[in-house]
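Inside the fold
Chain by chain, the residues run as shown.
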Amino acid sequence: MALRARALYDFRSENPGEISLREHEVLSLCSEQDIEGWLEGVNSRGDRGLFPASYVQVIRAPEPSLAGDGGPSAPARYANVPPGGFEPLPAPPPDTFQPLLQPQQAPPPSTFQPPGAGFPYGGGALQPSPQQLYGGYQASQGSDDDWDDEWDDSSTVADEPGALGSGAYPDLDGSSSAGVGAAGRYRLSTRSDLSLGSRSGSAPPQHHPSGAKSSATVSRNLNRFSTFVKSGGEAFVLGEASGFVKDGDKLCVVLGPYGPEWQENPYPFQCTIDDPTKQTKFKGMKSYISYKLVPTHTQVPVHRRYKHFDWLYARLAEKFPVISVPHLPEKQATGRFEEDFISKRRKGLIWWMNHMASHPVLAQCDVFQHFLTCPSSTDEKAWKQGKRKAEKDEMVGANFFLTLSTPPAAALDLQEVESKIDGFKCFTKKMDDSALQLNHTANEFARKQVTGFKKEYQKVGQSFRGLSQAFELDQQAFSVGLNQAIAFTGDAYDAIGELFAEQPRQDLDPVMDLLALYQGHLANFPDIIHVQKGALTKVKESRRHVEEGKMEVQKADGIQDRCNTISFATLAEIHHFHQIRVRDFKSQMQHFLQQQIIFFQKVTQKLEEALHKYDSV
């Protein structure tokens, strides 16, 4: 019998993948299993999508009979089984993997299709990715970067054997309870130390004989669209993350001389971006710019379009909620093939690539290495296979935090952490304001040099030449040298005007490019800080429950340990930001002043040449 629900309140959809509800409207549910407080169904207008579970009431009706094989006709929902029906399976221990589909009724991986595009019910106890649950990062595409057959083709590439997300999970038959699912892959879970209350599909809370410590739980955020919730930080802190982590996926935080920092990349590299070339396809109907990338650790060139960079950014921003992924250069609707725009975009991509290759985590990320090393033009199958593998990555959302490895036996003082985070928050605000002011000042000064200064110096030069022409009317032989010297002075001022017009490309433009990159970083940190602040709030709430005798110390300690994991990663990212900030601004200010010196030396040289002309008068 189809599941139905009645809307208790009006709900207006605001994000892709959601549907609107009207009060008293009857909906058809795809599944009674909620995902982070959201259900999927079809409203009375035939729209299919997500809506808050708390906004509807499930209409329950007894099932007339069971399936012919004696098993349930709906997966693992025991509340509606009539009296005399089958006995539900006992809840597994907290330390064992619990799939939403029972082994005997799990369909074969090759034929299983989840109800609704992109929402893998029955996909196991792993948390859904933010992209699956909330629509994810919507990569905007300009007219020159439209998706085409290179990306969206009807053919499929076989998934790697044993890859998560293929519909098959290890140990479904209960034959093995070991924590190691395969060579170098470890099952990590945070479910064993926190009662999840009334969360649908979770194991029932443990009842203690004494009844002293009651079933108080840490509350969930009411705003389900906050960064703390969408990033998976809340689910991780509340102990709901469970997944298989490979050795290669572990992200290590170590204690350095200045506090937590990311473990250094043992194989550092750089990557050049050269030869922007206009190319066409579909017999010239579509044009685009291709860039040649040459990583130093492979020395094998690959060619990428801007849309490839855009896709990579979307994957990284989704996967790493506590890492500042640098923003790409902005798109432009018109003039996409003009030389100035192509040159400016290339410089922006060079800065972007420099920051990517400098980050200890991002530089070693599988999807980034695939982007740098897979020649899509010669091995299209390998490129698409890596692309789909990245898009099916399950170590995102709450599961991402399972990949974080913090220093053993290292505890953080949460008050000290909160103080450091607040101090960094003030720093980013001040830096952002100063960067905006400097960018505005530099842009205005460059504009004056290109137009105003050039024009004014040329006016001066023209006036000197006018004076020389007037002196030539005297017809005196001894004044010829003076006339020529004055005319040369006018030419010198013309040349100085041209130097002013060309100079911003050498000094001010690189400074503004750097400021634009860091403004992107500064825009990322409020969300990163919000995740850490949200975790800290849950710790404070759990401590209050302990003091009131409503929660066991063990559960509160588990919340604090997971908050420490997020805090370690946040402090490590802040440390990395300061490191590259000092490196970049030191280098850029040195370059700026060197170019200024060279510029004024050229101006001085022009003036000295004009001065020497008067020596022979």
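Numbering of residues starts from 1 in each chain and follows the order in which that chain's sequence is written. The predicted origin of the model limits local features to residues at a pLDDT of at least 70 and limits the giving and counting of side-chain atom pairs to 80 or more, whereas totals for whole chains, interfaces and linings rest on all residues. Excluding hydrogens and water, the side-chain figures rest on all heavy atoms present in the structure.

An unreviewed UniProt entry annotates the protein as Sorting nexin originating from Macaca nemestrina. Per UniProt, the protein carries the Sequence similarities (unreviewed entry) text "Belongs to the sorting nexin family." UniProt positions are given in the numbering used here, feature names are shortened, and annotations may be inferred rather than shown by experiment.

1. Describing the overall build of the protein
Helices and strands together make up the secondary structure of the protein, namely 11 helices and 14 strands. Only protein chains enter the accessibility calculation, which uses a 1.4 Å probe; a residue is then buried when its area is under 20% of its type maximum, exposed when over 50%, and partly exposed in between. Within the span of the protein, comprising 617 residues, buried residues form 43% of the whole. A contact between two residues is defined here by any heavy atoms of the two lying within 4.5 Å. Summarising the internal contacts of the protein: among those between residues at least 6 apart in sequence, 72% fall at separations of at least 24. Per-residue accessibility takes into account occlusion by the displayed protein chains alone, with areas from the Shrake-Rupley method and a 1.4 Å probe. Surface exposure of the protein reaches about 31,900 Å², of which carbon and sulfur atoms provide 53%. Helix and strand assignments follow DSSP, with helices taken as H or I runs no shorter than four residues and strands as E runs no shorter than two, numbered in order from the N terminus.

2. Side note on the pattern of salt bridges
By convention in these notes, a salt bridge is any Lys or Arg side-chain nitrogen within 4 Å of a carboxyl oxygen on Asp or Glu. In the structure shown here, the tally under the stated rule is 24 salt bridges. Residue D422 pairs with K533 through a salt bridge whose shortest N-O separation is 2.4 Å. Highlighted residues: D422 in helix α8 (residues 414-471) and K533 in helix α10 (residues 508-547), separated in sequence by 111 residues. Taking the shortest distance from any N to any O, the salt bridge between D584 and R583 comes out at 2.9 Å. D584 gets classed as buried once you look at its relative accessible area, which sits at 4%. Linked through salt bridges whose partners overlap, the residues forming this network are E418, D422, K533 and K540.

3. Describing the nonpolar core
What we call a nonpolar core is a set of buried Ala, Val, Leu, Ile, Met, Phe, Trp, Tyr and Cys residues that are connected through their side-chain atoms within 4.5 Å. L293 and M353 are the most contacted members of the largest nonpolar core, which totals 82 residues. Boundary definitions for the domains trace back to an automatic or database domain assignment. There are two domains that each give this core at least three residues, and those are domain 2 (265-403) and domain 3 (412-611). For L293, the contacting residues outside a window of four places in its chain are C271, T272, I273, V300, P301, V302, R304, F309, M353, F371 and L372. Ranked by size, the runner-up nonpolar core spans 12 residues in total, among them A7, W38, L39 and F51.

4. Let's talk about the sheet that holds strand β3 (residues 38-42)
Strand order in the open sheet made by the 5 strands is β4-β3-β2-β1-β5, with antiparallel pairing throughout. At either end of the open sheet lies a strand with only one pairing partner, and these are β4 (48-52) and β5 (56-59). Neighbouring strand axes in the sheet, compared pairwise and without regard to direction, differ in orientation by 45 degrees on average. What makes two strands pair is DSSP finding at least two bridges between them. Angles shown run from 0 to 180 degrees and are taken between the N-to-C directions of axes, each axis being a line fitted to C-alpha atoms and, for helices, limited to the stretch in contact.

5. Some words on the sheet that holds strand β12 (residues 286-295)
Spatial ordering of the open sheet is given by β11-β12-β13, a layout of 3 strands whose pairing is antiparallel. A single partner strand is all that each edge strand has here, and the edge strands are β11 (271-281) and β13 (302-305). Between one strand axis and the next, the sheet turns through 35 degrees on average, direction left out of account. Sheet topology note: the β12/β13 ladder contains 4 bridges and is antiparallel.

6. As for helix α5 (residues 339-358)
The terminal C-alpha atoms of α5 lie 29 Å apart, and with 20 residues this matches the ideal 28 Å at 1.5 Å per residue to within 8%. F341, I342, R345, G348, L349, W351, W352, M353, H355, M356 and A357 are the residues of α5 that are buried. Looking at the buried residues of α5, the elements they touch are β11, β12, α4 (306-319), α6 (366-373), α10 and α11 (553-612). A helix is expected to span 1.5 Å multiplied by its residue count minus one.

7. Notes on the packing of aromatic side chains
When the centres of two rings from Phe, Tyr and Trp lie within 6.5 Å, Trp using its six-membered ring, the rings pair. Their planes under 30 degrees apart give stacked, over 60 give edge-to-face, and anything left gives tilted. Scanning the model with the defined rule gives 23 aromatic pairs in all. Both rings, one in F424 and one in F577, keep their centres 5.9 Å apart while their planes meet at 85 degrees; by these two values the pair is edge-to-face. On the criterion of sequence distance, the pair formed by F424 in helix α8 and F577 in helix α11 is long-range, its members being 153 residues apart. We note that F424, like F577, is buried. Judged by centre distance (5.7 Å) and plane angle (50 degrees), the rings of F464 and Y493 are tilted. Of this pair, F464 sits in helix α8 while Y493 sits in helix α9 (residues 480-502), and the two are 29 residues apart along the sequence. Residue classification places F464 among the partly exposed residues on the basis of a relative accessible area of 29%. According to the relative accessible area criterion, Y493 is partly exposed, its value standing at 21%. What links up through ring pairs into an aromatic cluster is the set F445, F453, Y457, F464, Y493, F500, F599 and F600. Geometrically, a lysine NZ or arginine CZ counts as sitting over a ring once it is within 6 Å of the ring centre and also within 35 degrees of the ring normal. Here K319 stacks its cationic end above the ring of F320, 5.7 Å away from the centre of that ring.

8. Some points on the side chain of H521
Within the secondary structure, H521 sits in helix α10. Overall, the relative accessible area of 3% leaves H521 in the buried class. At 2.6 Å, the side chain of H521 and the side chain of S324 are in polar contact. Apart from residues no more than four positions distant in its own chain, H521 is found in contact with S324, P326, H355 and F577. Contacts described as polar in this section are N or O atom pairs within 3.5 Å, which, within protein, must combine one atom able to donate a hydrogen with one able to accept it, while residues neighboring in sequence count only if both atoms come from side chains.

9. A word on the side chain of E234
Within the fold, E234 resides in helix α3 (residues 233-237). According to the relative accessible area criterion, E234 is buried, its value standing at 0%. Those residues in contact with E234 that lie beyond four places of it in its chain are R220, N221, R224, F228, V229 and K538.

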